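Remarks on the overall topology
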Amino acid sequence: MRNLGAQPEITLTVNGEEKMVRAYPMERLLDVLRHQLGLTGAKEGCGEGECGSCSVLMDGALVNSCLVPVLQAQGAKITTIEGLAQGPLLHQLQQAFLDCGGAQCGICTPGIIMAACHLLARTTRPTREQINQGLSGNLCRCTGYTQICEAVAQAAAQGRAE
Amino acid sequence: MTNEQIIGMPVPRKEGRDKVTGRAQYIDDISMPGMLHGATVRSSIARGKILKISYGSGIAWDEFVIVCASDIPGKNCVALIADDQPCLAEGVVNHPEEPILLLAHPNRHLLRKAVEAVSIEYAPLPPVFTIEKSESQAEIIWGTDNTFKKYCVEKGEVDDLWDKAAHIVEGEYSTGAQEQLYIENNGVIASFDRERGVTVWGSLQCPYYVHKALMRLCSLPEEKVRVVQTETGGAFGGKEEYPSIIAGHAALLAMKSGKPVKIVYDRMEDMTATTKRHPSRTRHRTAVDKHGKILGGEIEFVVDGGAYLTLSPVVLSRGTIHAGGPYHWPSIRISGKAVATNTPPHGAFRGFGAPQSLFAMERHMDRIAAVVGISPVEIRRRNFLKTGQTTATEQTIHEPIDLEQLLERGLTLMDYRVRKNRFREQNRSATHKKGIGIAAFLHGAGFTGSGERYLASVVGMQGLADGRVRILVSSTEFGQGTKTVLSQIAAETLGIPYADVEIAQPDTEQVPNSGPTVASRTVMVVGKLVQSAAKGVLQTLKASGLLPEQYSRDEFRDACARYVAEHGEFKSWVRYEAPPGIFWDDEKYRGEAYAAYAWAVYLAEVTVDLTTYSVTVDDFVALQEVGKVLHPVLARGQITGGVAQGIGYALYEKVVWQNGRMQNGQMTNYIMPTSADLPSIRVYFEELGNVHGAFGAKGIGELPMDGPAPAIVNAIEDALGIGFDVIPLLPEDIFQAITARRPANDAAGVQ
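Since this is a predicted model, take the numbers as computed values, not measurements.

Our next topic: the domain arrangement of chain A. Residue and element names in this part refer to chain A. Looking at the assigned domains, one finds that chain A contains domain 1 (9-83) and domain 2 (92-161). At the interface, 12 residues of domain 1 touch 12 residues of domain 2. Among the elements that make up the side of domain 1 that touches domain 2, the one with the highest residue count is strand 3 (residues 55-58) (3 residues). Looking at the side of domain 1 that touches domain 2, its residues break down into 7 nonpolar, 4 polar and 1 charged.

Here is the structure:
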């Protein structure tokens, strides 16, 4: 194999576990998650930060992992869709997506659920308008967003009840 | 049977947990040992002869697997309807992005550079890019006359009705290409070994279409080709015929290299090289009496099929049959034509020709209303098709339909009259003008005409050793809920819990050919077969004495398990048989075009901002009669999703063409609606009976694509008093129309 430069060690915390990877500094966080760590929940829909299918949380911020060079993730806390459910127990957003029809083909679902997580972490009682704005960086071609919005509202309501 | 109801209940999606947890495995999530990555070298010009292919320096070409047309073991074609489309171009190219060479390498990052290092010399030939130029036949690019297919539907005497008409209303309407824009790009993995032949795993709608294409291309017998569908991230028709091409490419690379090969397109390749909705042009000439009653008319419907025939004849067929809308035409002549141009072939996309011709019909109804001097509501009411009347193909509508009542309910839900009056007042001085538009339409479920008879779909049901059952179909899940709804039908028929039914992943080695997953046929046609197969299971168990007439769930489980234990295998098969009394004449295009139609009335409320010229859809009512709703959440999701695509079709999604190539092949510059762009879509169902589908269900998936565009453009006319007959309709189009209308001194003031 050709020498494409050095692959430094990068340490990051993914879904609560510390991980060490060797990667080219400009390698995309998305590729490191998918190819090195086997976390294929984040998807590549466009590779240019438009569709949001690769959304993950990085130190609490919502990022498109296709636009994040892995070097920037050095020392960061990353949460992916795989980090939400606790064993067989679904996160309330995941359950709400199931109940309300928020997932159809499912390819955008991991990214949208991460965006919804980010929204609910900041806004516990989002209005419909806030949900629509909060998810507007994530494209879904199946649902027309109506049932996604309802799922987020349902999860928010349950969150308040707990 | 002591069963609680499963049909009509919102049972959990079979594959839902995998989807919400990120565990569902789409093709790009799968890797195989020793796997290579494949890439495609494509044509940079629209039409010409290939003179020379050279491999540039700086690339270790001996590390690459290279496949060209001469490596194809079988016939170099994408087997579908005709054999005109090569799998790899040989000597000539007929559209930009046409595949010419295939490359494979273990490192996918090196592939891009290698693709760029291949240079191809061409001798260009004059290309054809528009319907008009193709029709002119100045340049013949396909067959003898650039025409893939023509249809003529004729009912009554059209030629002698013009003298009797109080009004003759003419109009011309056009629709643009539309990208399916599933969020998961096309992708497959192929492997090959001499014993087992070719296996392809992929994101696809129709495993047996791919199977057929691979047999021809690879010159392999049926049993040496295996196609497995992986979880599919949206399709909408875009993965109906195209997967045969990408699967063929991966298979050729796998055969040559002896290694598994993955090809997954990036977004730009997917958008520029794969199919889109056919652009269309429709001309109407309608004779109307003084009360607004349609006496008859002529409709000329033309679609741009792109460079090869692919599915254009079938798209044209559906568009032609739907061109008259849900109205009664005492006489009508509809001529349909699909023509060739030098763009990548246009293909299947939800609605399949009907959104195009229905856009024209529903815009034309508003035009007729204006000429006659009655309202858009009244023109429709006076012409709605009624039970007992015949369609353009002279199919008598036997099912109970009440379009007037659907319309009336739609008007009430929209609070139509009150809002219309309010808008009329407010619009006088407002810079944000509001309007409401209506579209009434129908969509036929299942294959057109004799299509289902030719398909002769087969469905199986297998009893399992633990007493549960498994459905065996090639019908695929790609978001609509195929697995869930077919399982509901089986569970309800068998009188067992939903959880006791599983459904096999479509794999041509494991499941029979239940036909392609297209044409809103899965619930109505395949669902009915699943119901029959389930009845077969019950009959067998009862005849064998293992199951009493009345039984509990546990008794069913025991009986099924015992049958399997005693006989080794327990499978029940059924094959589609056309219902008696169905008549269709393929020559004259006359008869029962579809076993059943879904009917709908949609209303859109819009605001046109006269500062930005942008349009927002503020409220949307989608009211339809689709027979029995088997799963309320999934059915509603089909409608909201289809309406969103329809809103995109009308207002956002413009394919910008340059020399036959899509120029805006990115999500950054091809704009589909986001959550911030759409209203909450209000969905309502009427449930009338239907004898054809399982538990009275009809087709649903494509219907919602047909209505939004005309409803929205009608609403814009209502708001502005300016009619538009072309979609997509972008702010710049509205700006131009408004400035063109301004008095001359206004324009002078600008100078």
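Alright, that's what it looks like, and here's the rest.
A separate point is the sheet that holds strand 17 (residues 458-463) of chain B. Residues and elements named next belong to chain B. Spatial strand order, 19-18-17-20: 4 strands in an open sheet with mixed pairing. The open sheet has two edge strands, strand 19 (501-503) and strand 20 (571-575), and neither has a second partner. Between one strand axis and the next, the sheet turns by 20° as a mean value, whatever way the strands run. Bridge count for strand 17 against strand 18 (residues 469-472) is 4 bridges, and the pairing is antiparallel. Residue pairing in the sheet places Gln462 in a bridge with Arg470 of strand 18.

So, on to the packing of helix 4 (residues 207-218) of chain B against helix 5 (residues 243-257) of chain B. Residues and elements named next belong to chain B. At a minimum axis distance of 9 Å, the contact between helix 4 and helix 5 shows a crossing angle of 45°. One finds that helix 4 runs oblique with respect to helix 5. The element helix 4 and its partner helix 5 pack so that their crossing is right-handed. Touching Tyr209, Val210, Ala213, Leu214, Leu217 and Cys218 of helix 4 are Pro243, Ser244, Ala247, Gly248, Ala251 and Met255, all from helix 5.

On to the environment of Val469 of chain B. Residue and element names in this part refer to chain B. Relative to the assigned elements, Val469 resides in strand 18. Overall, the presence of 26 C-beta atoms within 10 Å leaves Val469 in the buried class. Separated by 92 residues in sequence, Val469 and Ala561 place their C-alpha atoms 9.7 Å apart. When neighbours within four sequence positions are excluded, Val469 is seen to be in contact with Met461, Gln462, Gly463, Leu464, Ala490, Leu494, Asp500, Val501, Val537 and Cys560.

Moving on, we get to the sheet that holds strand 4 (residues 61-64) of chain A. Residue and element names in this part refer to chain A. If you walk across this open sheet you meet the 5 strands as 2-1-5-3-4, and the pairing is mixed. For this open sheet the edge positions go to strand 2 (17-22) and strand 4, each flanked by a neighbour on one side alone. Direction aside, neighbouring strands of the sheet carry axes that sit 40° apart on average. Judged from the 2 bridges that link them, strand 3 and strand 5 (residues 77-79) form a sheet pairing that is antiparallel. Considered in strand 5, the bridge of Leu57 is made with Thr79. Helix 3 (residues 109-122) contacts strand 3 and strand 4 of the sheet and is inclined by roughly 35° relative to strand 3.

Both trends apply: most residues other than glycine have a negative phi, and most peptide bonds are in trans. All names here are of chain B. Geometrically, the link from Ile727 to Pro728 is a cis peptide bond, its omega value of 0° lying close to zero. Examined against the element boundaries, Pro728 turns out to sit in the loop between strand 28 (726-727) and helix 19 (731-741). One non-glycine residue, Glu97, lies in positive phi territory at about 70°. Counting through the fold element by element, Glu97 comes out in the loop between strand 4 (92-93) and strand 5 (99-105). C-beta crowding within 10 Å serves as the criterion here: with 22 such atoms nearby, Glu97 is assigned to the buried category.

On to the domain arrangement of chain B, then. All names here are of chain B. For chain B, the domain assignment lists domain 1 (16-24 + 451-575), domain 2 (33-125 + 181-273) and domain 3 (280-448 + 589-739). On a C-alpha basis, the centroid separation for the pair domain 1 and domain 2 is 34 Å. The partner domain 2 presents 16 residues to the 14 residues of domain 1 that form the contact. A class-by-class count of the residues in the side of domain 1 that touches domain 2 yields 5 nonpolar, 7 polar and 2 charged.

Turning our attention to the nonpolar core. Counting residues in each nonpolar core, the largest one holds 278 residues, and the members touching the most others are Ala250, Ala251 and Ile712 of chain B. In terms of residues, this core owes the most to one element, strand 23 (residues 596-609) of chain B, which gives 11 residues.

Moving on, we get to the environment of Gly451 of chain B. All names here are of chain B. Relative to the elements of secondary structure, Gly451 occurs in helix 12 (residues 451-455). Of the residues examined, Gly451 has 19 C-beta atoms within 10 Å and is grouped as partly exposed. Through-space distance from the C-alpha of Gly451 to that of Tyr594 is 9.4 Å; in sequence the pair is 143 residues apart.

Here we take up the interface of chain B and chain A. On the chain A side, the residues contacting the 41 residues of chain B number 41 residues. Contributions of two or more residues to the side of chain B that touches chain A are made by helix 1 (16-21) and helix 16 (632-651) of chain B. Ranked by the residues each element gives to the side of chain B that touches chain A, the list is headed by helix 16 of chain B, at 8 residues. Looking at the side of chain B that touches chain A, its residues break down into 17 nonpolar, 15 polar and 9 charged.

Parameters and conventions
- Residues numbered from 1 in each chain as written.
- Chains lettered and ligands numbered in written order.
- Predicted model: local features only at pLDDT ≥ 70, side-chain atom pairs only at ≥ 80, totals over all residues.
- Domains from an automatic or database assignment.
- Contact = placed C-beta atoms within 7 Å.
- Helix = DSSP H or I, 4+ residues; strand = E, 2+ residues; numbered from the N terminus.
- Nonpolar A, V, L, I, M, F, W, Y, C, P; charged D, E, K, R; others polar.
- Pairing = 2+ DSSP bridges.
- Axes fitted to C-alpha atoms, helices over the stretch in contact; angles between N-to-C directions.
- Parallel < 35°, antiparallel > 145°, perpendicular 65-115°, else oblique.
- Left-handed = near helix turned anticlockwise from the far one by under 90°.
- Buried ≥ 20, exposed ≤ 12 C-beta atoms within 10 Å, placed from the backbone.
- Core = buried A, V, L, I, M, F, W, Y, C linked by C-beta atoms within 7 Å.

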